[in-house]
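A look at the structure
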Amino acid sequence: MMSNANSLRVPKYRRHKAKGLAVVTLNGKDLYLGKYGSAASKEAYRRITTEWLQAGGNLTNSREEITVVEIIAAYMRYARSYYHKHGKATNEVYSVKRDLGVVRELYGREQASKFGPLALKTVRQAMIEKQWCRNHGNKQVDRVKRVFKWAVSEVLIPGSVFEALERVLKFNNWLSRVFLT
């Protein structure tokens, strides 16, 4: 079952007895909010839990820590709810899942914030080695970029990651040079 903001339970605002601080636990990690009972700690609680709900329960403590495979998993949850028709997932969901397999194999454990142009070029080379046709390769590279663009919009990674990926030459221009020379 897919979780969304409506099915998530908001964790409780509570007092850490030893420290006297307000704390909330999200994704198994305690986040300290300031002095228990203070207006600032209650505001921090409302802000953090709202962001966590908006992110579908995927909010991480640090955008630097999230891995590529976590980005892919979060995007797949989003894709299953976004790409559907008449209550069923469309072919785009299955295409995205299949196509992102190359990215997952090569960079799954890497920090998503470190995925840059060189990584995208390496993924592109792996696609060529799989003998994917040019149209499929173009769509795949665009899907990879779309996943990272979405991750930026969800504040999972810094915007500079997507900006760097946008600077990579189009797959078909590069592919033409490889096979025509």
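None of the values given here were measured: they were computed from a predicted structure.

The rules we used
- Residues numbered from 1 in each chain as written.
- Predicted model: local features only at pLDDT ≥ 70, side-chain atom pairs only at ≥ 80, totals over all residues.
- Heavy atoms only, no water.
- Helix = DSSP H or I, 4+ residues; strand = E, 2+ residues; numbered from the N terminus.
- Expected span 1.5 Å × (residues − 1).
- Buried < 20%, exposed > 50% of the residue type's maximum accessible area, 1.4 Å probe, protein only.
- Core = buried A, V, L, I, M, F, W, Y, C linked by side-chain atoms within 4.5 Å.
- Contact = heavy atoms within 4.5 Å.
- Pairing = 2+ DSSP bridges.
- Axes fitted to C-alpha atoms, helices over the stretch in contact; angles between N-to-C directions.
- Parallel < 35°, antiparallel > 145°, perpendicular 65-115°, else oblique.
- Nonpolar A, V, L, I, M, F, W, Y, C, P; charged D, E, K, R; others polar.
- pLDDT = per-residue confidence, 0-100.
- Phe/Tyr/Trp six-rings, centres within 6.5 Å; stacked < 30°, edge-to-face > 60°.

1. Some details on helix α6 (residues 134-153)
- With 20 residues, α6 extends 28 Å from end C-alpha to end C-alpha; this agrees with the ideal 28 Å at 1.5 Å per step.
- Taken together, the buried positions of α6 are occupied by His136, Gly137, Asn138, Gln140, Val141, Arg143, Val144, Lys145, Val147, Phe148, Trp150 and Ala151.

2. Section: the nonpolar core
- Val68, Ile71, Val103, Phe115, Phe148 and Ile157 are the most contacted members of the largest nonpolar core, which has 33 residues in total.
- Among the elements that line this core, the one with the most residues is helix α2 (residues 68-82), at seven residues.
- Leave out the neighbours within four places in its chain, and valine 103 touches Val68, Ile72, Gly108, Phe115, Val123, Gln140 and Val144.
- Counting residues in hydrophobic clusters, the runner-up holds eleven residues, among them Tyr13, Ala22, Ala44 and Tyr45.

3. Some thoughts on the sheet that holds strand β1 (residues 14-16)
- The three strands lie next to each other as β1-β2-β3, forming an open sheet whose pairing is antiparallel. Every other strand in the sheet has two partners, leaving β1 and β3 (29-35) as the edge strands with one partner each. On average, adjacent strands in this sheet sit at an angle of 45° to one another, irrespective of strand direction.

4. Examining the pairing of strand β2 (residues 21-26)
- In this sheet, β2 lies alongside β1 in antiparallel orientation, the contact comprising three bridges. The partner of histidine 16 across the bridge, within β2, is leucine 21.
- Here β1 folds back onto β2, and the loop between the two strands holds four residues, one of which, glycine 20, carries a positive phi near 70°.
- Across six bridges, β2 lies against β3 in antiparallel orientation. Following the sheet pairing, leucine 21 is matched in β3 by lysine 35.
- The loop that links β2 with its antiparallel partner β3 comprises two residues; one of these, asparagine 27, has a positive phi angle of about 55°.

5. Remarks on the packing of helix α3 (residues 91-99) against α6
- At a minimum axis separation of 10 Å, α3 and α6 run at an interaxial angle of 90°. Classified by the interaxial angle, the pair formed by α3 and α6 is roughly perpendicular. Of the residues in α6, those in contact with Glu92, Ser95, Val96, Arg98 and Asp99 of α3 are His136, Gln140, Arg143 and Arg146.
- Residues that form the contact of α3 with α6 fall into these classes: one nonpolar, three polar and five charged.

6. A word on the confidence of the model for the protein chain
- Scored by pLDDT, the protein chain has a mean of 81; 85% of the residues are at 70 or more.
- Averaged pLDDT values over the elements of the protein chain bottom out at 50 in helix α8 (residues 171-180) and peak at 92 in helix α4 (residues 101-107).
- Low confidence marks residues 1-5, where pLDDT is under 50. Its contacts with residues over four positions away, or in another chain, come to seven contacts.

7. Points about the packing of aromatic side chains
- Across all of its chains, the model carries nine aromatic pairs by this definition.
- An angle of 75° between the planes, with centres 5.4 Å apart, marks the rings of tyrosine 13 and tyrosine 45 as edge-to-face. Of the two residues, tyrosine 13 sits in the segment before β1 while tyrosine 45 sits in helix α1 (residues 39-54), which places them 32 residues apart along the sequence.
- Classification of tyrosine 45 by relative accessible area gives buried; the value is 16%.

8. Things to note about the environment of leucine 21
- As for its placement among the helices and strands, leucine 21 is situated in strand β2.
- Separated by 15 residues in the primary sequence, leucine 21 and tyrosine 36 place their C-alpha atoms 4.6 Å from one another.

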